[in-house]
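Notes for the structure review
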Amino acid sequence: MPENNPPITILYEGGMQFVAENGTGCKIPVEPAVSMGGSGKTPNPVEYLVTALGSCVGIIMIMDFSRKGFKLDSFTMKIDGTRSKLCDCFFEKLHLVFTLSGDMDDHTVAEVIQDTMHTCPIAAMFKQTMEITWEYQIIDRTHALEVQNQAHWAL
């Protein structure tokens, strides 16, 4: 039986600020893109859509690696997009770049990504309107620690 998701309530807070709240009380700030009057300090709806794709893909990949008996030491995904020439509010293409380390091989990573792109419901929806491509890099554990430390410094 499918999981029933709690309702989402959108509250207008003034200016161009909104807060989305789910049924469990989790609140997410939302504002329009800077070009539409947003401050740039809070994600806009399109950024949340792309974030939903990355989060869904990441969750499914981690679950799949675990189910196959592999342990990840690190996992990073970057998503770039090509905007439509007709309307820059649409994407023609999204490109996902995975950088990971752990006890897995090239074949396993390629298989997990391929399977994920067929099972992720958000990727399935996105693929109806745009091309989704990807690439990956498996790095050694020492380099993964360096990457993680750099990421912490960037915070």
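Refer to the structure printed above.
Before going into details, it helps to say that this report is about the structure given with it.

1. Examining the packing of aromatic side chains
Within a pair of aromatic rings, the relevant descriptors are the distance that separates the centres and the angle that separates the planes. A complete count under the given rule lists two aromatic pairs for this structure. Residues tyrosine 12 and phenylalanine 18 carry aromatic rings whose centres are separated by 5.2 Å and whose planes lie at 50 degrees to one another, so their mutual orientation is tilted. Arranged with centres 6.1 Å apart and planes meeting at 45 degrees, the rings of phenylalanine 75 and phenylalanine 98 form a pair that is tilted. Taken together, the positions of phenylalanine 75 in strand E4 (residues 72-83) and phenylalanine 98 in strand E5 (residues 91-102) put the pair 23 residues apart, joining distant regions of the chain.

2. Here we look at the pattern of salt bridges
Summed over all chains, the structure comprises three salt bridges. In this structure, arginine 67 and aspartate 64 form a salt bridge, with 3.9 Å as the shortest nitrogen-oxygen distance. Separated by three residues within a single helix, arginine 67 and aspartate 64 lie in helix H1 (residues 45-67), roughly one turn from each other. A relative accessible area of 60% places arginine 67 in the exposed class. What makes aspartate 64 buried here is its relative accessible area of 10%. Between aspartate 73 and lysine 71 there is a salt bridge whose closest N-O contact spans 3.5 Å.

3. Considering the sheet that holds strand E6 (residues 131-138)
Strand order across the open sheet formed by three strands is E4-E5-E6, with mixed pairing between neighbours. Pairing within the sheet leaves two strands with one partner each, and these edge strands are E4 and E6. Taking the axes of each pair of neighbouring strands and ignoring which way they run, one obtains an average angle of 15 degrees across the sheet. Strands E4, E5 and E6 of the sheet are contacted by H1, whose axis makes an angle of about 145 degrees with E4. With respect to the sheet, helix H2 (residues 106-119) is in contact with E5 and E6, its orientation differing from that of E6 by roughly 155 degrees.

4. Comments concerning H1
Taking 1.5 Å per residue as the helical rise, H1 with its 23 residues ought to reach 33 Å, and the 33 Å between its terminal C-alpha atoms agrees with that figure. Considered for burial, the residues of H1 that qualify are Val50, Leu53, Gly54, Cys56, Val57, Gly58, Ile60, Met61, Asp64 and Phe65. Considering only its buried residues, H1 is in contact with E4, E5, H2, helix H3 (121-126) and E6. For H1, the N-terminal capping position is held by asparagine 44, with its side-chain oxygen 3.0 Å away from the main-chain nitrogen of valine 46. Following H1 by one or two positions, glycine 69 adopts a phi angle in the positive range, close to 90 degrees.

5. A few points about the sheet that holds strand E1 (residues 9-14)
Read across the open sheet, the three strands follow the order E1-E2-E3; overall the sheet is antiparallel. Edge positions in the open sheet fall to E1 and strand E3 (27-30), since each of these has one partner strand only. Averaged over all neighbouring strand pairs, the angle between strand axes comes to 25 degrees, with direction disregarded. Bridge count between E1 and strand E2 (residues 17-21): five bridges; the pairing is antiparallel. Across the sheet, residue isoleucine 10 finds its bridge partner in E2, namely alanine 20.

6. Considerations on the nonpolar core
Residues Leu53, Val57, Met61, Leu96, Phe98 and Ile132 are the most contacted members of the largest nonpolar core, which totals 25 residues. Elements represented by at least two residues in this core include exactly H1, E4, E5, H2 and H3. When residues in this core are grouped by element, the largest group, seven residues, is from H1. Leaving out residues up to four positions away in the same chain, leucine 53 has contacts with Leu94, Leu96, Ile122, Ala123, Phe126 and Ile132.

Conventions used here
- Residues numbered from 1 in each chain as written.
- Predicted model: local features only at pLDDT ≥ 70, side-chain atom pairs only at ≥ 80, totals over all residues.
- Heavy atoms only, no water.
- Phe/Tyr/Trp six-rings, centres within 6.5 Å; stacked < 30°, edge-to-face > 60°.
- Helix = DSSP H or I, 4+ residues; strand = E, 2+ residues; numbered from the N terminus.
- Salt bridge = Lys/Arg side-chain N within 4 Å of Asp/Glu carboxyl O.
- Buried < 20%, exposed > 50% of the residue type's maximum accessible area, 1.4 Å probe, protein only.
- Pairing = 2+ DSSP bridges.
- Axes fitted to C-alpha atoms, helices over the stretch in contact; angles between N-to-C directions.
- Contact = heavy atoms within 4.5 Å.
- Expected span 1.5 Å × (residues − 1).
- Polar contact = N/O pair within 3.5 Å; in protein donor to acceptor, adjacent residues only side chain to side chain.
- Core = buried A, V, L, I, M, F, W, Y, C linked by side-chain atoms within 4.5 Å.

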